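For reference, the chains in residue letters:
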Amino acid sequence: MSLFYYAEKRMSVSGTRLVHNAGCPNLPEARERIFLGSFLHMGFVVQAANIWYFRAGPCLLCLARHRRE
Ligand SMILES: [Zn+2]
């Protein structure tokens, strides 16, 4: 199942932006996030974001939620 993914507008101290999927409790408000698109897997999103946009890293909560599903 593919999900919608978003990146945080705010950069972390390490200069990366966290990527969340829709429904993550840590997902920032609409004006604080960048829509990345619909992807099958967090790994693909982070890879695509790194190529097209900025240094990105997965939200660990999203990863944990994904593993359980
Ligand atoms: Zn998240």
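Residues numbered from 1 in each chain as written. Predicted model: local features only at pLDDT ≥ 70, side-chain atom pairs only at ≥ 80, totals over all residues.

### Quick look at helix α1 (residues 42-52)
Then, number 1: Those residues of α1 lying buried are Val 45, Val 46 and Ala 49. When α1 is viewed along its axis, its buried side chains cluster within an angular range of 95° and face the same direction. Set apart from the buried face of α1 by more than 90 degrees, the exposed residues are Gly 43, Ile 51 and Trp 52.
Then, number 2: In this structure, the buried residues of α1 make contact with β1 (3-8), β2 (17-21), β3 (33-39) and β4 (56-58). (Buried ≥ 20, exposed ≤ 12 C-beta atoms within 10 Å, placed from the backbone. Helix = DSSP H or I, 4+ residues; strand = E, 2+ residues; numbered from the N terminus. Arc of directions from axis to C-beta. Contact = placed C-beta atoms within 7 Å.)

### Details of the environment of Cys 59
Then, number 1: Position of Cys 59 relative to the elements: it lies in the loop between β4 and α2 (60-68).
Then, number 2: What makes Cys 59 buried here is the crowd of 22 C-beta atoms within 10 Å.
Then, number 3: With 52 residues separating them along the chain, Cys 59 and Ala 7 place their C-alpha atoms 9.4 Å apart.
Then, number 4: Cys 59 has contacts with Leu 18, Val 19, His 20, Cys 24 and Asn 26, leaving out every residue within four places of it along the chain.

### A closer look at the confidence of the model for the protein chain
Detailed reading of the predicted coordinates is not advisable wherever pLDDT falls low.
Then, number 1: In this model, the protein chain carries an average pLDDT of 90, and 93% of its residues clear a pLDDT of 70 or more.
Then, number 2: When pLDDT is averaged over each element of the protein chain, β2 comes out on top at 95 and α2 at the bottom at 81. (pLDDT = per-residue confidence, 0-100.)

### Some words on the sheet that holds β4
Then, number 1: Read across the open sheet, the four strands follow the order β3-β1-β2-β4; overall the sheet is mixed. At either end of the open sheet lies a strand with only one pairing partner, and these are β3 and β4. Averaged over neighbouring strand pairs, the angle between their axes works out to 30° when direction is ignored.
Then, number 2: Here β1 runs beside β2; their pairing, made up of three bridges, is antiparallel. Across the sheet, residue Ala 7 finds its bridge partner in β2, namely Val 19.
Then, number 3: Where α1 meets the sheet, its contacts fall on β1, β2, β3 and β4, and the angle it forms with β4 comes to roughly 170°. (Pairing = 2+ DSSP bridges. Axes fitted to C-alpha atoms, helices over the stretch in contact; angles between N-to-C directions.)

### Here's the deal with the nonpolar core
Then, number 1: One finds Tyr 5, Tyr 6, Ala 7, Leu 18, Val 19, Leu 36, Val 45, Val 46, Ala 49, Ala 56, Cys 59 and Cys 62 forming the largest nonpolar core, which totals 12 residues.
Then, number 2: Secondary-structure elements contributing two or more residues to this core are β1, β2 and α1.
Then, number 3: When sequence neighbours within four positions are dropped, the list of residues in contact with Leu 36 reads Tyr 5, Tyr 6, Ala 7, Val 19, Val 45 and Ala 49. (Core = buried A, V, L, I, M, F, W, Y, C linked by C-beta atoms within 7 Å.)

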